[in-house]
Amino acid sequence: MKKTCVVTGGSSGIGLSIVKLFEQNNYQVFNLDLSPSPFGEFCYCDVTNISQVTKIINNIAKQQSIDVLVSNAGIHFSANIENTSEDDFDKVFNLNVKGAYAAVKAVLPSMKASNNGAIIIISSDQALIAKHNSFAYNLSKAALASMAKTTALDYAAFNIRANAVCPGTIETPLYHQAIDNYCQKSGADKAEIHREEESLQPLNRLGQPEEVAELVLFLASDKAKFITGSLQVIDGGYTAQ
Ligand code: NAI
């Protein structure tokens, strides 16, 4: 029988690779996203809307128990604290933190009932280190690392594991958008910035979304059954420097 996995933000980048890899590994995957995608069972959902997230996940849970949640939807925002307006701050937190809170909270009743579950929250290397001009994003990703730990402790008794994945720079549409924005503001050359970005990584390249998906699949599996409350770094050595 297929296991059930719910992914948020599964129509692009890291989320899309996760949806595809889980499907290839015999999971029925529900993709909660704003943009449609041919992969997984698409459910239109704005994860900042708590009642929408809850309703969709409850409907899935009525049909089958939910084995895995991958809370992945997120946005980057580039600015220091002075250049972060209250609106900017709310936008980043509503999606990155409140969206994850909504999804994690909604899957717990199903996971508790089956005494089984794996929750994987996509955080960032920025949960461990700060990066320049990334104030709200840094904060939001540190909050997600904490969400994984606190959920792991509170639900270990129900055999529910929760871990955070902390990717370094991964080549996705979000990455390209972030460097496009930077180049527009600074007038820098995109190809040059991309090369610089690669050379900052000890492995001298950026990560690929498929590589993050492999780690998520491992964390969801029984091979990882003693791993909970952890922050799993996948960054080509960046935070080891
Ligand atoms: P992406 O921009 O390629 O994909 C994000 C997906 O989330 C899109 O499909 C988008 O439609 C969806 N989404 C956006 N707002 C939504 C909302 N309100 N409700 C539902 N879905 C929504 O981004 P990427 O790069 O794949 O990032 C995925 C996650 O990985 C994010 O949480 C990001 O912070 C994290 N991450 C990415 C890194 C990178 O270098 N690309 C590095 C570290 C972490």
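So, here's what we can say about the structure. (Residues numbered from 1 in each chain as written. Predicted model: local features only at pLDDT ≥ 70, side-chain atom pairs only at ≥ 80, totals over all residues. Heavy atoms only, no water.)

**Re the packing of helix 2 (residues 50-63) against helix 3 (residues 86-114)**
And step 1. For the pair helix 2 and helix 3, the least separation of the axes is 9 Å and the interaxial angle reads 30°. Viewed along their axes, helix 2 and helix 3 adopt a mutual orientation that is roughly parallel. Helix 2 and helix 3 meet at a crossing whose hand is right-handed. Residues I50, V53, T54, I57, N58 and A61 of helix 2 form the contact with helix 3, whose own contacting residues are K98, Y101, A102, A103, A106, V107 and S110.
And step 2. Residue composition of the contact of helix 2 with helix 3, by class: nine nonpolar, three polar and one charged. (Axes fitted to C-alpha atoms, helices over the stretch in contact; angles between N-to-C directions. Helix = DSSP H or I, 4+ residues; strand = E, 2+ residues; numbered from the N terminus. Parallel < 35°, antiparallel > 145°, perpendicular 65-115°, else oblique. Left-handed = near helix turned anticlockwise from the far one by under 90°. Contact = heavy atoms within 4.5 Å. Nonpolar A, V, L, I, M, F, W, Y, C, P; charged D, E, K, R; others polar.)

**Considering the pattern of salt bridges**
And step 1. Evaluated as defined, the whole model comprises three salt bridges.
And step 2. Salt-bridge contacts for D125 lead to K131; the nearest nitrogen and oxygen are separated by 2.9 Å.
And step 3. Using a relative accessible area of 2% as the deciding quantity, one classes D125 as buried.
And step 4. The salt bridge partner of R205 is E211, with a shortest N-O separation of 2.8 Å.
And step 5. By relative accessible area, R205 is classed as partly exposed at 39%. (Salt bridge = Lys/Arg side-chain N within 4 Å of Asp/Glu carboxyl O. Buried < 20%, exposed > 50% of the residue type's maximum accessible area, 1.4 Å probe, protein only.)

**Structural notes on the state of the cysteines**
And step 1. This structure, assessed with the given rule, holds zero disulfides.
And step 2. Here C166 stays unpaired: no disulfide links it, and the sulfur of C5, its closest cysteine neighbor, is 18 Å away.
And step 3. For C166, a relative accessible area of 0% puts it in the buried group. (Disulfide = S-S within 2.5 Å.)

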